[in-house]
Amino acid sequence: MIRSLPGRLSAGAVLLALLTFVVYVGVDLLPGDPVTSRLGPNTPPERIAELRHHLGLDRPVLARYGEWVAGLFRGDLGISASGRPVTGMLSDRVGNSALLAAMAVLLLAPLSLVLGLWAAWRRGGPADRVVSTGALLLVSVPEFVVAGALVLLFAVSLRMFPAVSLLPVGASPLAYPEVLVLPVLSLLLVGLAYAVRVIRASACAVLASPHVEFLRLGGASGRTVLRRAVVPAVLPVAAQVWLVTGVAFVGGAVLVEKVFGYPGIGELLVASVQSGDLPVVQALVLILGAAMLAALVLADLAVVLLTPRLRTGTR
């Protein structure tokens, strides 16, 4: 497992580079002109040519891509079609989306572990059927559908939380916690369904193992079986699920943020794709891809750290 980490990191870096190239070229081939969209169709051709030259859009796409990659090593993500530095445009929004994902994961970890273990311990019973059926239904529903249902229930019918997450310019979402509730809950419900199913399946496999049977024959209580056999075996799998789901939350937030008008990367990504703002789209893809790569590496490390035989190198 440890020896596989450098290989996974190298493969991930290659995939990330390929992804950025494909997206960069693909967005460049989209119909429409970001300069014309910004200035309007009645702008004099001289002004359009001047702005295209200023943004570097009059150079070949491969040359621009190479310059963009070189700029990454200087911390420069390029200039948006609006003329603003991409780094400045992303700074607050990336933090806002990361906040949603972090809050959802903090709730996901204990809830999924408790529900997954409970369903496995009561497997075949009413509790297991309720948890498993609910998880199956939720995991098949897209985030934006869950978000719409939550708006109808908590914002329209009960009027407990705002239907949109509009914030004052420059304000932190933490200063307005009520706007975070429905977006976080939308991400949490779908992620919880997937995590519970994985943890339940892992726990059921452990409970059916000879080791657990030996403990039970020795007179161990249910609490002892959970503490000594089930939880230690399930934690590595659960940690992997939590880490990968956390990055998936950032990706899923693209739709959720659009539903709630939340000022994160999702809303910016949709607007940038529509306007053909290549530098912004490319930067967002890079951030999401790098986050997924980091999550996969951390997931491997979590398995090693939480599995004694892998940590010590014993079989």
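This text goes with the structure placed above it.
A few points on the structure.

Quick notes on the rules
Residues take numbers from 1 onward in each chain, read along the sequence in its written order. For this predicted model, a pLDDT threshold of at least 70 governs which residues receive local features, and a threshold of 80 or more governs which side-chain atom pairs are given and counted, while totals over whole chains, interfaces and linings are taken from all residues. No hydrogens and no water enter the side-chain calculation; it runs on all heavy atoms of the structure. A run of H or I in DSSP becomes a helix once it reaches four residues, and a run of E becomes a strand once it reaches two; helices and strands are each numbered from the N terminus. Salt bridge, as used here, is a side-chain nitrogen of Lys or Arg placed within 4 Å of a carboxyl oxygen of Asp or Glu. Under the scheme applied here, a residue whose accessible area is under 20% of the maximum for its type counts as buried, over 50% as exposed, and between as partly exposed, the area being computed with a 1.4 Å probe on protein chains only. Throughout this description, a polar contact denotes any pair of N or O atoms lying within 3.5 Å of each other; where both atoms belong to protein, one of them has to be capable of donating a hydrogen while the other can accept it, and for residues adjacent in sequence the pair is counted only when both atoms sit in side chains. Axis definition: a line fitted to C-alpha atoms, over the contacting stretch in the case of helices. Angles run 0 to 180 degrees between N-to-C directions. These descriptions rest on fixed angle ranges, namely under 35 degrees for roughly parallel, over 145 for roughly antiparallel, 65 to 115 for roughly perpendicular, and the rest for oblique. In a left-handed crossing the near helix is turned counterclockwise from the far helix by less than a right angle, and in a right-handed crossing that turn is clockwise. Any pair of residues with heavy atoms lying within 4.5 Å of one another is described as a contacting pair. By the convention adopted, Pro, Cys, Tyr, Trp, Phe, Met, Ile, Leu, Val and Ala count as nonpolar, Lys, Arg, Asp and Glu as charged, and the other residues, Gly among them, as polar. Side-chain rings of Phe, Tyr and Trp (the six-membered ring for Trp) are treated as a pair once their centres are within 6.5 Å; stacked means planes under 30 degrees apart, edge-to-face means over 60, and tilted covers the remaining angles. We call a set of buried residues a nonpolar core when its members are Ala, Val, Leu, Ile, Met, Phe, Trp, Tyr or Cys and they connect through side-chain atoms within 4.5 Å of each other.

## A few points about the environment of Ala238
Along the chain, Ala238 falls in helix α10 (residues 222–260). For the pair Ala238 and Arg200, spaced 38 residues apart in the sequence, the C-alpha separation amounts to 9.9 Å.

## Some details on the pattern of salt bridges
A side chain with one charge may pair with a side chain of the opposite charge, provided their charged atoms come close. Tallying each qualifying case throughout the model produces two salt bridges. Here Arg59 makes a salt bridge to Glu67, at a shortest N to O gap of 2.6 Å.

## A few points about the side chain of Ser272
Counting through the fold element by element, Ser272 comes out in helix α11 (residues 265–275). Since its relative accessible area comes to 4%, Ser272 is described here as buried. A polar atom in the side chain of Ser272 sits 2.8 Å from the backbone oxygen of Leu268.

## Quick notes on the packing of α11 against helix α12 (residues 278–306)
Relative orientation of the contacting elements α11 and α12 amounts to 140 degrees, with a least axis distance of 9 Å. Overall, the two elements α11 and α12 adopt an arrangement that is oblique. Handedness of the crossing formed by α11 with α12: left-handed. Only Val280, Val281, Leu284 and Leu288 of α12 make contact with α11, whose side of the interface consists of Ile265, Leu268, Leu269, Ser272 and Val273. Each residue belonging to the contact of α11 with α12 can be placed in one class, and the counts come to eight nonpolar, one polar and no charged.

## Brief notes about the packing of aromatic side chains
For the coordinates displayed, the defined rule picks out three aromatic pairs. When the centroid spacing of 6.5 Å and the interplanar angle of 25 degrees are considered together, the rings of Tyr65 and Trp68 count as stacked. Residue Tyr65 and its partner Trp68 are located together in helix α4 (residues 61–72), separated by three residues, close to a single helical turn. Residue Tyr65 shares its accessibility class with Trp68, and that shared class is buried. Three or more aromatic residues link up through ring pairs in this structure, and these residues are Phe21, Tyr65 and Trp68.

## Observations regarding the nonpolar core
If you look at the biggest cluster of nonpolar residues, it comprises 67 residues, and the most contacted ones within it are Leu90 and Val230. Those residues in contact with Leu90 that sit more than four places away from it in its chain are Leu77, Leu268, Val280, Ala283, Leu284 and Ile287. Counting five residues, the second largest nonpolar core, distinct from the first, contains Val35, Leu51, Leu55 and Leu57.

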